[in-house]
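Observations on the model geometry
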Amino acid sequence: MTSPDTPGLAGLRPRLPSPVQEAADDRFERRGVRLLLKRDDLIHPELIGNKWRKLAPNLAAADGRTVVTFGGAWSNHLRATAAAGRLLGIPTVGVVRGDELAGRPLNPSLARCAADGMRLHFADRASYRRKSEAGVLAGLLRAADAEDAYVVPEGGSNAQAVRGCRELGAELRDRADVVAVACGTGGTLAGLAAGLAPGQRALGVPVLKGGFLAADTEALQREAFGGRRGDWDMDDRFHFGGYARVPGELDAFAADFEQRHGLPVERLYVAKLLYGLVTLADEGAFPRGTTVAAVITGRPFPDPA
């Protein structure tokens, strides 16, 4: 397990454990449910939330080598990796999905990566989809001039990251009956569930459609721990059409939650999680007397001034 005292990371001064705040919300209270917010968005101003928990053990394993990783044009993970590289003086390379983007102006997210020193390489979508195949990965690394780099997978989810996220569950032991988190690649949920105490349940809210994430999460647990760990499940109903889809209904919900609780609500992950929990509470999915903790894994981008 990586701690803030890990050599090379101590200077980043993460706020661990992250705070737990009670949120008085009538949509839960009328159902006899208590809502807590696990403020992982406050761990570090640039390595936010589950990005710290997943990246820290991988950065320690990289031991100063160039780090190469993967993501789409709006990837939170790419931004966090680029920021970590700048803060720690580690070279970073981002392999971006979509070679058609190579000749276009960078969007604000990729511009932030470049400003933080990340070297961007745009890969064609067919190769990107097959990047888990050894031969294709070798070709991508060769094309990016990163053959000797330490490879972190898309979303940062590997066995190292899963073991790092186990501490999230440990910080919430006996604090809640259900701990819920938004899921992109499954790594945070895999570690969270393993760290909870018996009798606690982890709930994943996928932000992508497709229904594949449960199998991926179980595979990550096998890689990290040798088998399935903890009591966890998923509800696939709240992706709103897929990753980075933020229709008006979801945006309005997030703005309302911000006004109710003074919490900046990140739209791609956190808004879908909170919407799902409000819906589940309204459906009576949580018995009266249940305490639900929502893991706030990020902040809106661009960050508020």
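See the structure printed just above.
Attention here is on the structure that accompanies the text. (Residues numbered from 1 in each chain as written. Predicted model: local features only at pLDDT ≥ 70, side-chain atom pairs only at ≥ 80, totals over all residues. Heavy atoms only, no water.)

**Some thoughts on the overall build of the protein**
The test is simple: Numbering goes from the N terminus for both helices and strands, where a helix is a DSSP run of H or I of at least four residues and a strand is a run of E of at least two. The size measure is the radius of gyration over C-alpha atoms, and the globule rule it meets is 2.2 Å times the number of residues to the 0.38 power. Only protein chains enter the accessibility calculation, which uses a 1.4 Å probe; a residue is then buried when its area is under 20% of its type maximum, exposed when over 50%, and partly exposed in between. We call two residues in contact when some of their heavy atoms are within 4.5 Å. The Shrake-Rupley method, run with a 1.4 Å probe, gives the accessible areas here. Residue values count only the displayed protein chains as cover. Lys and Arg are tallied as positive, Asp and Glu as negative. Neither His nor the chain termini are counted. To locate a charge, take NZ of a lysine, CZ of an arginine, CG of an aspartate or CD of a glutamate.
Check the secondary structure of the protein and you find 11 helices and 10 strands. Against the compact-globule benchmark of 19 Å for 305 residues, the protein has a radius of gyration of 19 Å, which places it among compact chains. The C-alpha extent of the protein, read off along each of the three principal axes, is 55 × 40 × 35 Å. With 305 residues in all, the protein has 54% of them scored as buried. Pairs at least 24 apart in sequence give 73% of the contacts found in the protein among residues at least 6 apart. Total accessible area on the protein stands at roughly 12,800 Å², and carbon and sulfur atoms take up 48% of it. For the protein, the distance from the average position of its 39 positive side-chain charges to the average position of its 37 negative side-chain charges is 1 Å.

**Overview of the sheet that holds strand β2 (residues 34-38)**
So the rule is basically this: Two strands are said to pair when DSSP picks up at least two bridges between them. Note on definitions: angles span 0 to 180 degrees between N-to-C directions of axes, and those axes are lines fitted to C-alpha atoms, for helices only across the stretch in contact.
The sheet built from 6 strands is open, its strands ordered β1-β2-β10-β7-β8-β9 with mixed pairing. Pairing within the sheet leaves two strands with one partner each, and these edge strands are β1 (20-23) and β9 (231-234). On average, each strand axis in the sheet is inclined to that of its neighbour by 25°, with strand direction left out of account. Two strands pair when backbone bridges link them, and strand β7 (residues 178-183) and strand β8 (residues 201-206) are joined in this way by 6 bridges, in the parallel orientation.

**Quick look at the packing of aromatic side chains**
Let me state the cut-off plainly: The criterion for an aromatic pair is that two Phe, Tyr or Trp rings (for Trp, the six-membered ring) have centres within 6.5 Å, with stacked assigned to planes under 30 degrees apart, edge-to-face to planes over 60 apart and tilted to the rest. When the NZ atom of lysine or the CZ atom of arginine is within 6 Å of a ring's centre and also within 35 degrees of its normal, the charge is said to sit over that ring.
For the structure on display, the rule yields 6 aromatic pairs. On the numbers, 5.7 Å between centres and 65° between planes, the contact of Y243 with Y269 is edge-to-face. With Y243 in the loop between β9 and α10 (248-261) and Y269 in the loop between α10 and α11 (270-282), the pair connects residues that are 26 residues apart, well separated along the chain. Look at Y269 and you get buried, because its relative accessible area is 16%. Summarising the aromatic geometry, the rings of F253 and F257 are spaced 6.2 Å apart at their centres and angled 40° between planes, so their arrangement reads as tilted. With F253 and F257 both in helix α10 and 4 residues apart, this pair spans about one turn of that helix. In terms of burial, F253 and F257 fall into one category: buried. Taken together through their ring pairs, the aromatic side chains of F238, F240, F253, F257 and Y275 make up a single cluster. Sitting over the ring of F301, R79 keeps its end group 3.7 Å from the ring centre. The ring of W232 carries the charged tip of R228 above its face, separated from the ring centre by 3.8 Å.

**Considering the nonpolar core**
Note the cut-off: Among the buried residues, those of types Ala, Val, Leu, Ile, Met, Phe, Trp, Tyr and Cys that are joined through side-chain atoms within 4.5 Å form a nonpolar core.
Of all hydrophobic cores here, the largest spans 34 residues; its most connected members are V265, L274, L277, F286 and A294. Setting aside chain neighbours within four positions, we find A294 in contact with L35, L36, L37, K38, A180, L273, L274 and L277. In this structure, L36, L168, L189 and V295 belong to the second largest nonpolar core, which totals 17 residues.

**Looking at the pattern of salt bridges**
Rules: Basic side-chain nitrogens of Lys or Arg form a salt bridge, by our definition, when they fall within 4 Å of a carboxyl oxygen of Asp or Glu.
All chains considered together, the criterion is met by 24 salt bridges. Residue E22 pairs with R34 through a salt bridge whose shortest N-O separation is 2.9 Å. With a gap of 12 residues between them, E22 in strand β1 and R34 in strand β2 connect regions that are remote in the sequence. Overall, the relative accessible area of 37% leaves R34 in the partly exposed class. Across the pair K38 and E171 runs a salt bridge, and its minimum N-O distance is 2.7 Å. A residue pair is termed long-range when its members are at least 10 positions apart, and K38 in strand β2 and E171 in helix α7 (residues 159-171) qualify at 133 residues. Across this residue pair, the class does not change: K38 and E171 are buried. A cluster of three or more residues bridged by salt bridges with shared partners is formed by D25, D26, R27, R30, D256 and R260.

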